[in-house]
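Summary of structural features
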Amino acid sequence: MKLLSELKVKLNYNEEDIFCAIKKKYNIFREEIVEFEIIKESLDARKKPNVFIVLQVAAVLKSENKFKNLIDIEVDHLGIEVAKCENYLGDRPVIIGFGPSGMFAGLTLALAGLRPIILEQGKPVDERQVDVDEFWKNRKLNKFSNVQFGEGGAGTFSDGKLTSNISNSYTKKCINEFILAGAPKEIFYEYTPHIGSDKLKCVVKNIREKIISLGGEVLFNTHFDSYETVNQKISCVISTDLALNKPIKIFTSSLILAVGHSAIETYKLLNANKVLMRQKPFALGVRIEQSQEEINFAQFGSRDKNLPAANYKLAVHLPNGRSVFTFCMCPGGEVVASSSEEGTVVTNGMSKFARDGKNANSAVLVNVVPSDFGSDDVLAGAEFQRKYEKLAFELGGRNYNAPAETVKDFLNEEKNPTLNGGEFEINSTYLPNITIADLSKCLPDFIAESLRLALPQFNKKINGFASDNNLLIGVESRSSAPVQIDRDENLMTKTIGLFVAGEGAGFAGGITSSAADGIKCAEKVIDYLTK
């Protein structure tokens, strides 16, 4: 195949537009093209409002020799490739957690013929959705099955973003596996690939069914309690069937902890078992809710309804030494209640695949470093998070309402904030509801100060980002893990046979990087069990 790049097309382009762009750029006529596929899509909004799409295309041409000056390219649509361990008779590996890292570790092990057993304290995604709705609508929290815990992990109730700062064969395999499981094919080439929470539910179910078809097993409603060792080697996993309140003991020599960044109980267990961990920087702040139409206009210079929902990514380094940045921006999305512990308020963002909601939202976070924790205890960062999540719960009214404040009142340090009327007043999407309050009461002073310094700067970069009546909702505290678990080059701790992977281990951030880390960890387990 030949690479055809820098093809400029209109926003709502079709196949004919691509043929015309190829002819214009390369003087290659339609009848000379056997087939083609899009491999990369970019959006160029540098000359607003003249916004267009730039494509890279891989094409099979009738006469390759005629166009031998073009770059050859191979396009890989294969999923995970791993050698089958024929006649394997050893222990079945056990995985804790069925988020992206656990799911892809399980899939890799299943493809290798090792028949993994995966334990997930939450419920299958359809039942989990019922629990989440019960919390959002009726304020009844299931601490085992919620936005953080359950099939698919925290990413199931997000935008399903597949962006990553790392692009390698692992991340590409993850994208391909998602497509094989039913994700939109566009994620292969989109400039901001996302699956959407609505479609992600079906995708994770299909991956689960694939694991089971290959001999793996997924046990939901199963709480990981502990593990036992013999001569410092993993010997068994102890868990509880939550539905039957029945203990389960699984003998194994390999255990992958693929827990998420909110698995505080697991951190406590590892600390008690003297597994080496260290404090890790993370970030804390609020989620801002805005008019998507106004963000579109600021980014594209047009109110054309054919435009996609605009995205953004902002960062600023402040004179006080702090960094403030946007994170997990959800175009056309909603702000969601994401608590996993009673008596806490945690916010996050979510979008459906269409991204057609009226509001945009994004976390606006300030970096937090171990010296802010006030303690040398390895779990001090987790306690730091919980402190402000509990304050947000109190400030919201002790009923899981989230405390919220307009940008204007927050910047003016208003002690008695109200919902001001305004041309672009935002109706919050947050459920159960918001309570207007002084957000500084549930934020560390240095974070409130940093946000007040950063918001006007962000507004200069994107006009309307921090409009007076945009809403700030608190708190956003679970962007990454507060600890990092020590692991060696084999992704194993000092306890032989105990592997760690993904966000909870402190080595990934987001769906794609977590899934890739799960694959790598599974490959190490295969080597360990078959060497």
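First, a word on what this report is: a plain description of the structure on this page.

Observations regarding the nonpolar core
- Of all hydrophobic cores here, the largest spans 85 residues; its most connected members are Leu55, Trp136, Val324, Leu443, Leu451 and Phe465.
- Sort the elements by how many residues they give to this core and helix α10 (residues 445-461) lands first, with seven residues.
- Every residue in contact with Trp136, bar those within four places of it in the chain, is listed here: Val147, Phe157, Val336, Ala337, Met350, Leu431 and Pro432.

Some thoughts on the pattern of salt bridges
- Enumeration according to the criterion identifies 27 salt bridges in this entry.
- Measuring nitrogen to oxygen at the nearest pair gives 3.5 Å for the salt bridge that ties Arg92 to Glu217. Residue Arg92 is located in the loop between β3 (50-61) and β4 (94-96), and its partner Glu217 is located in strand β6 (residues 217-219); the two are separated by 125 residues in the primary sequence.
- Of the charged contacts in the structure, one is a salt bridge between Glu389 and Arg478, with a shortest N-O distance of 2.7 Å.

Side note on the packing of helix α2 (residues 100-111) against helix α5 (residues 197-213)
- At a minimum axis distance of 9 Å, the contact between α2 and α5 shows a crossing angle of 30 degrees. In terms of axis orientation, α2 runs roughly parallel to α5. α2 and α5 meet at a crossing whose hand is left-handed. Residues Met103, Phe104, Gly106, Leu107, Ala110 and Leu111 of α2 form the contact with α5, whose participating residues are Val204, Ile207, Lys210 and Ile211.
- Among the residues making up the contact of α2 with α5, the classes are represented as eight nonpolar, one polar and one charged.

Some remarks on a positive patch on the surface
- On the surface, Lys8, Lys24, Lys25 and Lys47 cluster together to form a positively charged patch.
- Mapped onto the elements of the fold, Lys8 is located in strand β1 (residues 2-9).

Re helix α3 (residues 125-138)
- With 14 residues, α3 should reach 20 Å at 1.5 Å per residue; the first-to-last C-alpha distance of 19 Å fits that figure.
- Every buried residue belonging to α3 is among Val125, Arg128, Gln129, Asp131, Val132, Phe135 and Trp136, and all of these are buried. For α3, the angular spread of buried residues about the axis comes to 165 degrees, placing them on one side. Facing away from the buried side of α3 by over 90 degrees, the exposed positions are Val130 and Lys137.
- Elements that come into contact with the buried residues of α3 comprise α5, β15 (334-337) and β16 (347-350).
- In the stretch just after α3, Arg139 is the one whose phi turns positive, near 65 degrees.

Here we look at the environment of Val336
- Inspection of the secondary structure puts Val336 in strand β15.
- Each residue touching Val336, except ones within four places of it in the same chain, is listed here: Trp136, Val346, Thr347, Asn348, Gly349, Met350 and Tyr430.

Some words on the pairing of strand β14 (residues 323-330)
- Here β14 lies mainly inside the structure; six of its eight residues are buried.
- Pairing between strand β13 (residues 315-317) and β14: three bridges, direction antiparallel. Among the inter-strand pairings, Ala315 is bridged to a residue of β14, identified as Phe325.
- Here β13 folds back onto β14 in antiparallel fashion, the turn holding five residues, of which Gly321 has a positive phi close to 90 degrees.
- Where β14 meets strand β17 (residues 359-368), five bridges bridge the pair, whose relative direction is antiparallel. Opposite Cys330, over in β17, you have Asn361 as the bridge partner.

Quick word on helix α7 (residues 292-300)
- α7 sits mainly inside the fold: seven of its nine residues count as buried.
- Three or more residues of α7 are buried, namely Gln292, Glu294, Ile295, Asn296, Ala298, Gln299 and Phe300.
- Close packing links the buried residues of α7 with β2 (33-47), β3, β12 (282-291), β14 and β17.
- Taken from the residues just after α7, Gly301 is the one with a positive phi, measuring 70 degrees.

Some points on the packing of aromatic side chains
- Applying the stated criterion across every chain yields a total of 13 aromatic pairs.
- An aromatic cluster of at least three residues, connected via ring pairs, comprises Phe282, Phe373, Phe384 and Tyr388.
- The residue whose ring lies beneath Arg303 is Phe297, and the NZ or CZ to ring-centre distance is 4.3 Å.

Rules of the game
- Residues numbered from 1 in each chain as written.
- Predicted model: local features only at pLDDT ≥ 70, side-chain atom pairs only at ≥ 80, totals over all residues.
- Heavy atoms only, no water.
- Core = buried A, V, L, I, M, F, W, Y, C linked by side-chain atoms within 4.5 Å.
- Buried < 20%, exposed > 50% of the residue type's maximum accessible area, 1.4 Å probe, protein only.
- Helix = DSSP H or I, 4+ residues; strand = E, 2+ residues; numbered from the N terminus.
- Contact = heavy atoms within 4.5 Å.
- Salt bridge = Lys/Arg side-chain N within 4 Å of Asp/Glu carboxyl O.
- Axes fitted to C-alpha atoms, helices over the stretch in contact; angles between N-to-C directions.
- Parallel < 35°, antiparallel > 145°, perpendicular 65-115°, else oblique.
- Left-handed = near helix turned anticlockwise from the far one by under 90°.
- Nonpolar A, V, L, I, M, F, W, Y, C, P; charged D, E, K, R; others polar.
- Patch = residues over 30% accessible without salt bridge, like charges linked within 9 Å, V, L, I, M, F, W, Y side chains within 5 Å.
- Areas by Shrake-Rupley, 256 points an atom, 1.4 Å probe, with all protein chains shown as cover.
- Lys, Arg positive; Asp, Glu negative; His and termini not counted.
- Charge placed at Lys NZ, Arg CZ, Asp CG, Glu CD.
- Expected span 1.5 Å × (residues − 1).
- Arc of directions from axis to C-beta.
- Pairing = 2+ DSSP bridges.
- Phe/Tyr/Trp six-rings, centres within 6.5 Å; stacked < 30°, edge-to-face > 60°.
- Lys NZ or Arg CZ within 6 Å of the ring centre and 35° of its normal.

These values are about where atoms sit, not about what they do.
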